[in-house]
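Each chain is listed here by its residues.
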Amino acid sequence: MKNPALPPALSALADETGVFTMLAIDQRESLRTMMSDRVAGRAVDDIELVRFKTAASELLTPLATAVLLDRSYGLPAVAVARCPVILAADELIQLPGGPVTSSRLDPAVTPGLVAEVGAAALKMLIAWTPDTRHAAVELTSEFMALCRAARVPGIVEGVVRPIDIDEWDDTRRNDAIVQAAGDLAASRPDLYKGEVPSYGRAAPATMTRVSEQITAVLDSPWVILSSGVAATDFPTAVNACCAGGASGFLAGRAVWSDAFTTPDVRHFLATESRARLGRLAAAARLPR
């Protein structure tokens, strides 16, 4: 039986205890950059992106409670997914090789496409800065209206992206992570996806404390993402954040990005990535 504390549509993305152990493979140009670094000297084409996403979906989704895929390169991976599919509804704006700085709704993601794909939920990345708080809330509301029209849950991913973030210390960034969650909660997402406090480098007690603050400003369950966190640090971060009220993770890079440093990407996915996903799921479910 699924956890009765969650609405049925959201419960479908979690395990029987209500813990979300979800896999993200919706990266687009950032994935191309990661793959290009592996094959220096030539560009990575769209077909290679599709092949990687399809292989990752085939090999890893049996261990995930849901998988996040994008419309541009991820639709072939839907056919081999062995868990519910979340469809990215965002167009990501970023400089080549750089982080996502903003986003907008993908006009091609319509209720009709959601039904055609059989997506169980939609996800939207919202870039939050102190100067764009109101615009971020408006975009989140627009996204949630699309989710209601498509009759699926909406997952809002809030990421702190001020231009001068590299100059911020952990305290300032952690405070902004909490503020972003509070702002975006106004649009009543079904599930919130937030960044790990201190990039996973702080003591577990610190990450738990900040996570408690995030939990306090949200009216929905929430999960963490792994971007910016070292793969070796992420299991501890998962457990510490869940101790503070997070309900699991929706993560990609900490699971599979190191595959591009090896000569056999598929073997890495089938062995190390599967093992990592299992360890992360265990970390999310550990007594806290």
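Model, not experiment: these values are computed from the prediction.

1. Re the nonpolar core
F52 and F234 are the most contacted members of the largest nonpolar core, which totals 85 residues. Ignoring any residue separated from it by four or fewer positions in sequence, one finds F234 in contact with V196, I224, L225, S226, V229, F249, A251, A254 and L280. Formed by 17 residues, the second largest nonpolar core is a distinct cluster that contains L13, M22, L191 and L250.

2. Remarks on helix α3 (residues 46-60)
A rise of 1.5 Å per residue sets the reference length of α3, with its 15 residues, at 21 Å; its end C-alpha atoms lie 21 Å apart and thus fit the reference within 8%. E48, L49, F52, K53, A55, A56, S57, L59 and L60 are the residues of α3 that are buried. Those residues of α3 that are buried lie in contact with β1 (20-24), α2 (29-38), α4 (75-78), α10 (253-256) and α11 (265-285). Capping the start of α3 is the job of one residue whose side-chain oxygen sits 3.2 Å from the backbone nitrogen of I47: D45.

3. A few points about the packing of helix α7 (residues 170-184) against helix α8 (residues 204-217)
Direction vectors running N to C along α7 and α8 enclose 15°, while the axes themselves pass 8 Å from each other. The angle between α7 and α8 places the two elements in the roughly parallel class. Relative to α8, the crossing made by α7 is right-handed. Contact with α7, carried on its side by N174, I177, V178, A181 and G182, involves V210, Q213, I214 and V217 of α8 and no other residues of that element. Of the residues belonging to the contact of α7 with α8, the class tally is 6 nonpolar, 3 polar and no charged.

4. Describing the pattern of salt bridges
Two side chains bearing opposite charge may form a pair once their charged atoms approach each other closely. Across all of its chains, the model carries 21 salt bridges by this definition. A salt bridge links E157 to K193, with the shortest nitrogen-to-oxygen separation between them at 3.4 Å. Here the residue E157 occupies a position in strand β7 (residues 154-160), and K193 occupies one in strand β8 (residues 191-194), the gap between them amounting to 36 residues. E157 sits in the buried class, given a relative accessible area of 7%. Between D258 and R276 there is a salt bridge, with its nearest N and O atoms 2.8 Å apart. Taken together, the residues span a long stretch of sequence, with D258 in the loop between α10 and α11 and R276 in helix α11 at a distance of 18 residues. Because the salt bridges share partners, they merge into one network encompassing D26, R28, D90, K123, E157 and K193.

5. Quick notes on the packing of α8 against helix α9 (residues 234-243)
Taken N-terminus to C-terminus, the directions of α8 and α9 make an angle of 45°; their axes are 7 Å apart at the nearest point. By the angle class used here, α8 and α9 are oblique. Crossing hand, α8 versus α9: right-handed. In this structure, α8 uses P204, M207, T208 and S211 to contact α9, whose residues at the interface are T236, A237, A240, C241 and A243. Residue composition of the contact of α8 with α9, grouped by class: 6 nonpolar, 3 polar and no charged.

6. Digging into unusual backbone geometry
Non-glycine residue R151 carries a positive phi angle of around 60°. Looking at where R151 falls in the secondary structure, it is placed in the loop between α6 (133-150) and β7. Given the relative accessible area of 77%, R151 is considered exposed. The phi torsion at R188 lies on the positive side, around 55°, for a residue other than glycine. Structurally, R188 is set in the loop between α7 and β8.

7. A word on the environment of E272
Tracing the backbone through its elements, the reader meets E272 in helix α11. The spacing of E272 and D258 is 14 residues in sequence and 9.3 Å in space, taken between C-alpha atoms. Here E272 is in contact with H267 and R279, once residues within four sequence places are set aside. Side chain to side chain, E272 and R279 meet in a polar contact 3.0 Å long.

Calculation criteria
- Residues numbered from 1 in each chain as written.
- Predicted model: local features only at pLDDT ≥ 70, side-chain atom pairs only at ≥ 80, totals over all residues.
- Heavy atoms only, no water.
- Core = buried A, V, L, I, M, F, W, Y, C linked by side-chain atoms within 4.5 Å.
- Buried < 20%, exposed > 50% of the residue type's maximum accessible area, 1.4 Å probe, protein only.
- Contact = heavy atoms within 4.5 Å.
- Helix = DSSP H or I, 4+ residues; strand = E, 2+ residues; numbered from the N terminus.
- Expected span 1.5 Å × (residues − 1).
- Polar contact = N/O pair within 3.5 Å; in protein donor to acceptor, adjacent residues only side chain to side chain.
- Axes fitted to C-alpha atoms, helices over the stretch in contact; angles between N-to-C directions.
- Parallel < 35°, antiparallel > 145°, perpendicular 65-115°, else oblique.
- Left-handed = near helix turned anticlockwise from the far one by under 90°.
- Nonpolar A, V, L, I, M, F, W, Y, C, P; charged D, E, K, R; others polar.
- Salt bridge = Lys/Arg side-chain N within 4 Å of Asp/Glu carboxyl O.

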